[in-house]
Structures are given as C-alpha cells and as structure tokens.
Number of protein chains: 2
Amino acid sequence: MPQSKLKPIVNTRIQARNKELILDAALDIFSAFGFRGATVDQIAAKSEMSKPNLLYYFRRKEDIYVALLEHTLSDWLKPLAELNPSGDPLIELSRYISAKMEMSEANPKASRLFANEILHGAPMIEKFLKGPLKQLVNEKAQVIKSWIAAGKLAPIDPYHLIFAIWAVTQHYADFSVQVDAVLGRREDIRTAQKAVLEILLRGLKV
Amino acid sequence: MPQSKLKPIVNTRIQARNKELILDAALDIFSAFGFRGATVDQIAAKSEMSKPNLLYYFRRKEDIYVALLEHTLSDWLKPLAELNPSGDPLIELSRYISAKMEMSEANPKASRLFANEILHGAPMIEKFLKGPLKQLVNEKAQVIKSWIAAGKLAPIDPYHLIFAIWAVTQHYADFSVQVDAVLGRREDIRTAQKAVLEILLRGLKV
DNA sequence: ATAATTCTTGATCAAATGGTCAAGAGCGGA
DNA sequence: TCCGCTCTTGACCATTTGATCAAGAATTAT
C-alpha cells in the first residue's frame, strides 16, 4: 500500500543527524540556563546551524525542550525499574543508589534539566509525574514494604525512602557548585558514593 | 557634625515600606520563574506599583535579585550555626533536621530561589558559598568529627552527612510538585518530618 | 538527466522586555 | 505657608528574541 503524500513519517538520515545535533546542544543550553533563560540563537550557535534551519527541524523553542525531556524520561525510570523484588534488599538498594550516583556523575546536565523543570512546577511533565512515575514508585514501594514485612529491612516509610535516595543522589549533580565550593575542591565521585551508601543504608539494617 | 548633602543614607519610611513590598513580590516571582524567567513588569504588578517607580527603588532587575538573596542568606545559616557541640549528637542533629524541614514548609519560595541560583552555577552567591558557608560547614564538620571520636556517633563522613541533610530536607520544598504528584496528594509535613528523621538518624546510632 | 523533494539561510518582523526621562504630585521641615 | 526633596508615572526607547518567509542549494527518486 503506497504511502500517499502525507507529511514525513520516516526521518531522513539528515533529519536524524541534525535533530540529534540540536538535542545535544539544547541539553547544554537548557540545563545551564533553564527554559526561559536559554535562547534559540544559543542553541543554533552550539549546534553550528543557522536559526531558521534549526527551526526547520523544531518549529518552536518549546518543541526542542519537550523533545529533550521525553528523550531522557525513560532513562530516568530505568534504574528504579530494575529494583529486583526477589533480590537481597540491601544489595538491591545499594545497586540502585550506586546507579543513581553514577547517573549524577555521568549526566549531570540531564539531572539539572529535570531539576529545573520540577522546580518551576513541572509544567511540561506533569503527566509523566502523575502517570508512569507515580505508578512505578507505587510498585516499588510495595516491594520495599514486602521486604519490611519479611523482616529483611528496618521499618521505614518506603515513599520517603525513595525520595531521600533521589534527593541525596541528585544533589551531587544539581548542587555540585555548592558541594565543590564547600569542600574547596572537585568532589571525587567514589568518596561521595561510599559516604552516601553508608548514610542511607546503615539505618536500613534490621 | 552635620551630614552634608550626600545621597540618602537613612531610608525614609516610604522607602522601607516599598522596598519591603518589592522584595516580597520579587520572592514570589523569582522563585517561580528564576532570574531570567521573571520580568520586572511581573514584579511591579505584584507589588502594585508602576515599573518606573519600582526602578526608582532598585535601579536594575539584578539589584532586586541580589538584595533578595542577601536578605535571606543569614536565615539560611542560622539553624546549622545553632548545632551545639556540647549537646547530645542525636538530639542536636534531630533538632537541626527538624528546623530545616520546617523551613522547607514555612518558606519553600526562599528554598527554591536558592536552589535555582545554585542550579545555574550560583553566579551571584559564589562568594557566600566559598566564604561564610564553607567556614561554617568546616566548623560543624569538626563538631561531628569530635562526636564520632568520642564514640557518640557512627563513623560517617561529616561533610556528606551535612549534604545529605540539606538534600533531603530541601527536597520537600524544591521538588514538592514531584512529591505531591507521586503521593497523589499534598504531603503532610508531620509525616514527612517523622520519616526523614528516621531515615537520616537511624544509621547514626553507635 | 531531471523533476520533486528536502534542506539551508539572509533578511525581516512583531512582541516582549529592561531601562530612561521629564514632568507632576506628595510630603516634611523651617 | 512655602520650599526643597522624595515619590510617582505615562510615554518612550533600544535591544533581544522567537518566529516567518521567500528564494536558492543540495539531495533523492525515477
């Protein structure tokens, strides 16, 4: 069945390449300046592209921003989704915390992008928060509850435990300027990871 | 000695009142939209004042922002400064964490203002971070170290413990949209406070 | 090859926005 | 009361910025 002359369904190679270039540049700019603080000119300059050309691929500034968020939302859920109900609680949580710390180290820009979006009321990702994220957290909270019921974990509110893990791990990406300023040096990820694991896990032992 | 005709040293009553009105409005606007996202018009509208009149009190948008940050920096340090070296470690830390949780509840806007500033590289408060804040944290880290040395506290890195307390407590102000979305309701501060105290303190007992 | 389609850009626009100015209104001290 | 200083504002300006457009260059399909 011939695809009658509709709008481009399949991206050309050039489209794929340029959209990728734009999203890469946009992550740099949006994470550094926020949605309102970033300008289309900046993103165009960083992707070495004229502004009209950039707007040929994404018709509005907001479209770039939304695409960028969607592009990374699934990555965000992955480590939590991998929390294994039949594994050992402390090992599973340790793995999760380590994974989040490594994400903060490897991709602080994505972390700051989300932080900024949520800080400003999450206008673009409200549905994600109330939908997939909420659902996954509920599911994993049940897992933690079952561990507690089985006497394998100290009786801690699972939701607030998850919040605490998010808060602490993402702090090293979002507030790295403050961390470095207070420590007087660029913080070593290994040291931080070890300390965070101790602080968060020590109290969870039965 | 008569004060010769210099610029106004002492603020008039009207100045005091209007500057206060402006700063109140500015906290609302800057915390919601960030420095770049906020507009002078918005702040003027919120303070029920014409834009030129607002700019009579603060000549530039940046001046309002800086005044606002300075206006609250000392409040920020106060609870940590009150950590008492000769008190019981767990009670002192419990008091500190509770104070921070109450600040998140009582003044989430100030928390978001700082979060946004730090997230974007802290261009205006770099000196505060590397100066007074660093110094105070060093001092209190020593207190925690002495508690550990005295066998009154589990051996935890004091700097990362402080970071963890900041991260978790401020999370409830800065990421409240996410917290509420995941829980499906407005979170009750008492519940959150109790959970946070357990999570952070349980592992600190010797 | 060549027609159709996709890609690229200089020039331009309208709106938003930070900030200025001059002139008038209001207030406080002598 | 009167004078000088503080306060207030409508009108205005220059720049920034998101977005458009028309026309030409490059690519792709036949």
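Owing to the predicted nature of the structure, the values given are computational and were not obtained by experimental measurement.

Right, let's get into the interface of chain A and chain B. At the junction of the two partners, chain A supplies 54 residues and chain B supplies 54 residues. Carbon and sulfur atoms make up 70% of the area that chain A and chain B hide from each other, which totals about 4,700 Å². Here chain A and chain B share zero salt bridges between them. On inspection of chain A and its partner chain B, the count reaches eleven residue pairs in polar contact (both at pLDDT 80 or more). Looking at the side of chain A that touches chain B, the elements that each hand over two or more residues are α1 (13-37), α6 (108-119), α7 (126-149), α8 (158-174), α9 (176-183) and α10 (189-201) of chain A. It is α8(A) that provides the largest number of residues to the side of chain A that touches chain B, a total of twelve residues.

Near DNA strand C lie 19 residues; those nearest to it are A:T12, A:Q15, A:R36, A:Y57 and B:K61. Of all atoms in DNA strand C that approach within 4 Å of the protein, 58% are sugar or phosphate atoms. Here a phosphate oxygen of DNA strand C and a side-chain polar atom of A:N53 are 3.1 Å apart. Interatomic distance of 2.9 Å between a backbone N/O atom of B:V40 and a phosphate oxygen of DNA strand C. Only α1 and α3 (51-57) of chain A together with α3 (51-57) of chain B provide two or more residues apiece to the surface near DNA strand C. Among the residues making up the surface near DNA strand C, the classes are represented as eight nonpolar, six polar and five charged.

What follows deals with the relation of the copies chain A and chain B. The pair of chain copies shares a relation made of a rotation about an axis and a shift along it. Between chain A and chain B, which share one sequence, the superposing operator has a rotation angle of 180° and an axial displacement of 0.0 Å; the RMSD is 0.1 Å. Both chain copies can therefore be described as sitting about a two-fold axis. Using C-alpha coordinates, one finds that chain A approaches the rotation axis most closely at A:G203, a distance of 1.8 Å.

Reading the values: rules and limits
- Residues numbered from 1 in each chain as written.
- Chains lettered and ligands numbered in written order.
- Predicted model: local features only at pLDDT ≥ 70, side-chain atom pairs only at ≥ 80, totals over all residues.
- Heavy atoms only, no water.
- Contact = heavy atoms within 4.5 Å.
- Buried area = accessible area lost by both parts, 1.4 Å probe.
- Salt bridge = Lys/Arg side-chain N within 4 Å of Asp/Glu carboxyl O.
- Polar contact = N/O pair within 3.5 Å; in protein donor to acceptor, adjacent residues only side chain to side chain.
- Helix = DSSP H or I, 4+ residues; strand = E, 2+ residues; numbered from the N terminus.
- Near = heavy atom within 4 Å.
- Nonpolar A, V, L, I, M, F, W, Y, C, P; charged D, E, K, R; others polar.
- Least-squares fit on C-alpha atoms with pLDDT ≥ 70 in both.

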